[in-house]
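Spelled out from the first residue to the last, the chains are:
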Amino acid sequence: MIETARRTWRFLEPYHGMIYFAPEAAAAYAELGITGRAGYFASRSAAFGAVPAPVVVATFFNFNPALVTASISTVWSASEPAAVLAARYAAADQALRGVLGDAIGSPGMRRAAVLLREAAETVTGDVTGRPLFAAHAALPWPTEPHLVLWHAQTLLREHRGDAHVAALLTAGLRGVEALITHAASGAVPAETLRTSRGWSEDDWNRAVTGLRERDWLTDDADLTFTPGGAARRAEIEKATDENSVVPYAHIGEPACAELQALVSPFSRALAEKLMPWALARQ
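Below is a summary of the structure that appears in this document.

### Some thoughts on unusual backbone geometry
Here's step 1: Of note, Asp215 is a non-glycine position whose phi angle comes to about 65°, a positive value.
Here's step 2: Structurally, Asp215 is set in the loop between helix H13 (201-213) and helix H14 (227-242).

### Looking at the nonpolar core
Here's step 1: In this structure, Tyr15, Met18 and Leu149 are the most contacted members of the largest nonpolar core, which totals 67 residues.
Here's step 2: Per-element tally for this core: the top contributor is helix H15 (residues 246-274), with ten residues.
Here's step 3: In contact with Leu149, other than residues within four places in its own chain, are Leu12, Tyr15, Met109, Ala112, Ala113, Leu116 and Val263.
Here's step 4: Judged by nonpolar contacts, the second largest core, of 22 residues, contains Phe61, Val165, Leu193 and Leu217.

### Re the pattern of salt bridges
Here's step 1: Overall, the coordinates contain 16 salt bridges when judged by the stated rule.
Here's step 2: When the shortest N-O distance is used, the salt bridge between Arg44 and Glu158 registers 2.9 Å. One end of the pair, Arg44, is in helix H3 (residues 38-45); the other, Glu158, is in helix H10 (residues 145-170), with 114 residues separating them in the sequence. Judged on exposure class, the residue Arg44 and its partner Glu158 are both buried.

### Description of the packing of helix H8 (residues 107-121) against H10
Think of two packed helices as two axes; the pair is described by the angle between the axes and how far apart they sit.
Here's step 1: Running from amino to carboxyl end, H8 crosses H10 at an angle of 30°, the nearest separation of the two axes being 8 Å. Taken together, H8 and H10 sit at an angle that is classed as roughly parallel. Crossing geometry of H8 relative to H10 is assigned as left-handed. Residues Met109, Arg110, Ala112, Ala113, Leu116, Arg117, Ala119 and Ala120 of H8 pack against Pro145, His146, Val148, Leu149, Ala152, Gln153, Leu155 and Leu156 of H10.
Here's step 2: For the contact of H8 with H10, the residue count by class is twelve nonpolar, two polar and two charged.

Each value, and the rule that gives it
- Residues numbered from 1 in each chain as written.
- Predicted model: local features only at pLDDT ≥ 70, side-chain atom pairs only at ≥ 80, totals over all residues.
- Heavy atoms only, no water.
- Helix = DSSP H or I, 4+ residues; strand = E, 2+ residues; numbered from the N terminus.
- Core = buried A, V, L, I, M, F, W, Y, C linked by side-chain atoms within 4.5 Å.
- Buried < 20%, exposed > 50% of the residue type's maximum accessible area, 1.4 Å probe, protein only.
- Contact = heavy atoms within 4.5 Å.
- Salt bridge = Lys/Arg side-chain N within 4 Å of Asp/Glu carboxyl O.
- Axes fitted to C-alpha atoms, helices over the stretch in contact; angles between N-to-C directions.
- Parallel < 35°, antiparallel > 145°, perpendicular 65-115°, else oblique.
- Left-handed = near helix turned anticlockwise from the far one by under 90°.
- Nonpolar A, V, L, I, M, F, W, Y, C, P; charged D, E, K, R; others polar.

Now the structure itself:
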């Protein structure tokens, strides 16, 4: 079931992730006076309310704390969390309608929304140790199926993300080190991870040196795991999977397969339009 759960999450991830790349979202936040990268941090953390920057730093684990602090420190003087949340859902609605068209009202969309909501609601009663999931789980459910599906995947994404942070911390990794091990796995180019999370070359290189000294990485010029480092990274992924499987196990293998089939054309269309790099993960 673990492999099925991971695969189902991957199939659905573009359906949620499009909100970080949709021009409708950037425009909606800009109308509130929130521009640039601040829109990402404000929109994803707004479910907490207007919390101090260190709370966002703590939960946005692999971002440079200086970037998070600079981005979030002024947003709540420009707007308020309720307005940002409303803008986020309005942008999701616009973007999904713009890319998917009539498919948002299809029987397949309605069925996918029912299945994924059932999966997500399985775990909303136990939010212990999952702060981002807890914050989003406390939000009201939308009513339209295409937004129910988006909200459900938002919950399951944050549910898995919180589990992943716990596994990284247990393995003794800091945020930048977690990114470096992610790059060493070959999933995403190192430079993409470094720049998108706001780390300087010096920060990155110091962390690489530290990981080599701790036998995570070889001394090769590229980022190559030692056997011990590869094993520890595999344990992180295993722990993440094991602590994320419950929603999918609840609905079962056949429902997960059905979800993958239903959502695949939606996710592919969104990825092709807004994030073509995500197609390699399908």
